[in-house]
Amino acid sequence: MCLAIPAQVEQVRDDYQAVVNLGGVRKEISVALVPDCAAGDYVIVHVGYAIGKVDAAEAERTLALFAGLDGGSAGEVRGDSMPLPAPSAPALAAAGGSGGAQPCPRETAPPSP
């Protein structure tokens, strides 16, 4: 799974580099794909590269969602009044388990001859 997160540009440097603020952590990234960004802009950062610009309201909304995930319990997002429903016993039985993690098909051993 890949994750790209919004970060605010603090300083644009030469050679398509910029310093961004990622939740209080300052990091130097490449802005070669978003050469028109400026200090104060929000960019989407993926593996050290700004891959696009995003407006401030959307960036703040996304960062608030990420903050709500911190410390939340399974099936629940902090600040969300609607937790995910627990699977029913028939659904678990149909899935072949008791709710525990199941191996991916490619991880299972081949059948014995």
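Preceding this paragraph is the structure being described.
Please read these numbers as outputs of a predicted model, since none were measured by experiment.

> Could you give an account of the overall build of the protein, with specific residues and numbers?
Summing up its helical and strand segments, the protein has two helices and five strands in all. Reading the protein from its N terminus to its C terminus gives the helix and strand order β-β-β-β-β-α-α. A sequence separation of at least 24 residues applies to 30% of the contacts in the protein between residues at least 6 apart. Approximately 8200 Å² of the protein is accessible, and the part contributed by carbon and sulfur atoms is 58%.

> Any details on the side chain of Ser30? Residues and values, ideally.
As for its placement among the helices and strands, Ser30 is situated in strand β3 (residues 25-30). At a separation of 3.3 Å, a polar atom in the side chain of Ser30 contacts the main-chain amide nitrogen of Ala32. Contacts of Ser30, omitting those with residues within four sequence positions, involve Tyr16, Gln17, Gly48, Tyr49 and Ala50.

> Go over unusual backbone geometry with me, naming the residues and quoting the values.
The phi torsion of most residues other than glycine is negative, and most of the peptide bonds are trans. Despite not being glycine, Tyr16 has its phi angle at roughly 60 degrees, a positive value. Along the chain, the position of Tyr16 falls in the loop between β1 (5-13) and β2 (17-22). The phi angle at Val47 is positive, at roughly 45 degrees, despite the residue not being glycine. Mapped onto the elements, Val47 comes out in the loop between β4 (42-46) and β5 (49-54).

> Can you lay out a nonpolar patch on the surface for me, pointing to particular residues and giving the numbers?
A cluster of nonpolar residues, Leu33, Val47, Tyr49 and Ile51, forms a patch on the protein surface that exposes about 440 Å² of accessible area. Considering the arrangement of structural elements, one finds Ile51 in strand β5. According to the relative accessible area criterion, Ile51 is partly exposed, its value standing at 46%.

> Go over the nonpolar core with me, naming the residues and quoting the values.
Among soluble globular proteins, nonpolar side chains are generally buried collectively. Counting twelve residues, the largest nonpolar core consists of Ala7, Val9, Ala18, Val20, Leu22, Ile29, Val31, Val34, Cys37, Val43, Val45 and Ala50. Broken down by secondary-structure element, the contributors of at least two residues to this core are β1, β2 and β4. Residue contributions to this core peak at three residues, all from β2. When near neighbours in sequence (up to four residues on either side) are disregarded, Ala18 contacts Val9, Gln11, Val12, Arg13, Lys27, Glu28, Ile29 and Val31.

Parameters at a glance
Residues numbered from 1 in each chain as written. Predicted model: local features only at pLDDT ≥ 70, side-chain atom pairs only at ≥ 80, totals over all residues. Heavy atoms only, no water. Helix = DSSP H or I, 4+ residues; strand = E, 2+ residues; numbered from the N terminus. Contact = heavy atoms within 4.5 Å. Areas by Shrake-Rupley, 256 points an atom, 1.4 Å probe, with all protein chains shown as cover. Polar contact = N/O pair within 3.5 Å; in protein donor to acceptor, adjacent residues only side chain to side chain. Patch = residues over 30% accessible without salt bridge, like charges linked within 9 Å, V, L, I, M, F, W, Y side chains within 5 Å. Salt bridge = Lys/Arg side-chain N within 4 Å of Asp/Glu carboxyl O. Buried < 20%, exposed > 50% of the residue type's maximum accessible area, 1.4 Å probe, protein only. Core = buried A, V, L, I, M, F, W, Y, C linked by side-chain atoms within 4.5 Å.

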